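Given next are the chains, with one letter for each unit.
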Amino acid sequence: PARAVPVRAHVRPPAPARPVQAAGAQASSLRAPRDADPAAVVRACVAGRPLDGRFTAAALGRAVHHIPDDVAQYLDCRGAIQRAWMRAQASDARGRRGTLRPW
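The structure presented is a predicted model; accordingly, all values stated were derived computationally and were not measured.

Student: How should the packing of helix α2 (residues 38-46) against helix α3 (residues 57-64) be read in this particular structure?
Tutor: When two helices pack together, their arrangement is given by the angle between their axes and by how far apart the axes lie. In the contact formed by α2 and α3, the axes pass within 8 Å of each other and the chain directions differ by 80°. With respect to α3, the axis of α2 lies roughly perpendicular. Along the contact surface, α2 presents Pro-38, Val-41 and Val-42, while α3 presents Ala-59, Leu-60, Arg-62 and Ala-63. A breakdown of the residues in the contact of α2 with α3 according to their chemical character gives six nonpolar, no polar and one charged.

Student: Just checking my understanding: could you explain the nonpolar core for this structure?
Tutor: Most often, soluble globular proteins have nonpolar side chains that are buried together. Core analysis: the largest hydrophobic core is formed by 19 residues, its most contacted members being Val-41, Leu-51, Phe-55, Leu-60 and Ile-81. Elements supplying a minimum of two residues to this core: α2, α3 and α5 (77-94). Those residues in contact with Ile-81 that lie beyond four places of it in its chain are Val-41, Val-42, Cys-45, Leu-51, Leu-60, Ala-63, Val-64 and Ile-67.

Student: Would you mind showing me how to read the state of the cysteines here?
Tutor: Linking two cysteines covalently through their sulfur atoms gives a disulfide. Enumeration over the complete set of coordinates arrives at one disulfide. Shown here is the disulfide that connects Cys-45 with Cys-77, its sulfur atoms set 2.3 Å apart. In this structure, the disulfide formed by Cys-45 and Cys-77 twists by about -110° around the S-S bond and is classed as left-handed. Separated by 32 residues along the polypeptide, Cys-45 in helix α2 and Cys-77 in helix α5 bring together distant segments of the chain. You can call Cys-45 buried: its relative accessible area is 13%. Overall, Cys-77 belongs to the buried group, its relative accessible area being 2%.

Student: Just checking my understanding: could you explain the environment of Gln-82 for this structure?
Tutor: Locating Gln-82 in the fold gives a position in helix α5. The partly exposed category is assigned to Gln-82, whose relative accessible area is 35%.

Student: Which parts of the structure should I look at to understand the pattern of salt bridges?
Tutor: When the charged atoms of two side chains with opposite charge come close together, those side chains can pair. Under the counting rule described, the total for this entry stands at two salt bridges. We note a salt bridge from Arg-87 to Asp-52, for which the minimum N-O separation is 2.9 Å. Pair noted here: Arg-87 is in helix α5 and Asp-52 is in the loop between α2 and α3, with a separation of 35 residues, a long-range link. Note that Asp-76 is salt-bridged to Arg-83, the shortest N-O span being 3.4 Å.

Here is what the cut-offs are and how they apply
- Residues numbered from 1 in each chain as written.
- Predicted model: local features only at pLDDT ≥ 70, side-chain atom pairs only at ≥ 80, totals over all residues.
- Heavy atoms only, no water.
- Axes fitted to C-alpha atoms, helices over the stretch in contact; angles between N-to-C directions.
- Helix = DSSP H or I, 4+ residues; strand = E, 2+ residues; numbered from the N terminus.
- Parallel < 35°, antiparallel > 145°, perpendicular 65-115°, else oblique.
- Contact = heavy atoms within 4.5 Å.
- Nonpolar A, V, L, I, M, F, W, Y, C, P; charged D, E, K, R; others polar.
- Core = buried A, V, L, I, M, F, W, Y, C linked by side-chain atoms within 4.5 Å.
- Buried < 20%, exposed > 50% of the residue type's maximum accessible area, 1.4 Å probe, protein only.
- Disulfide = S-S within 2.5 Å.
- Salt bridge = Lys/Arg side-chain N within 4 Å of Asp/Glu carboxyl O.

The values are spatial; any link to function lies outside them.
Have a look at this one:
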């Protein structure tokens, strides 16, 4: 004789999906610095986004030499990129790549 399988009257509904944007925002803070092209570094500076921890020292060093004249005239991106580059180099020398903190 076959055994009857009990039917569950109350089935738990699936959990709601988490918002993709919130998960991506958390993951972006944990990403390692990227070796981006100089234009991406300059765009980040012009947009006012932080440069520390987002770009490698090599990417920041290349970007210093690729700042357009109009950006150099009206914004302090050259100085901001140079300061981020020096902090990235110091961080790399200490072995804490990507976890930059101001002194």
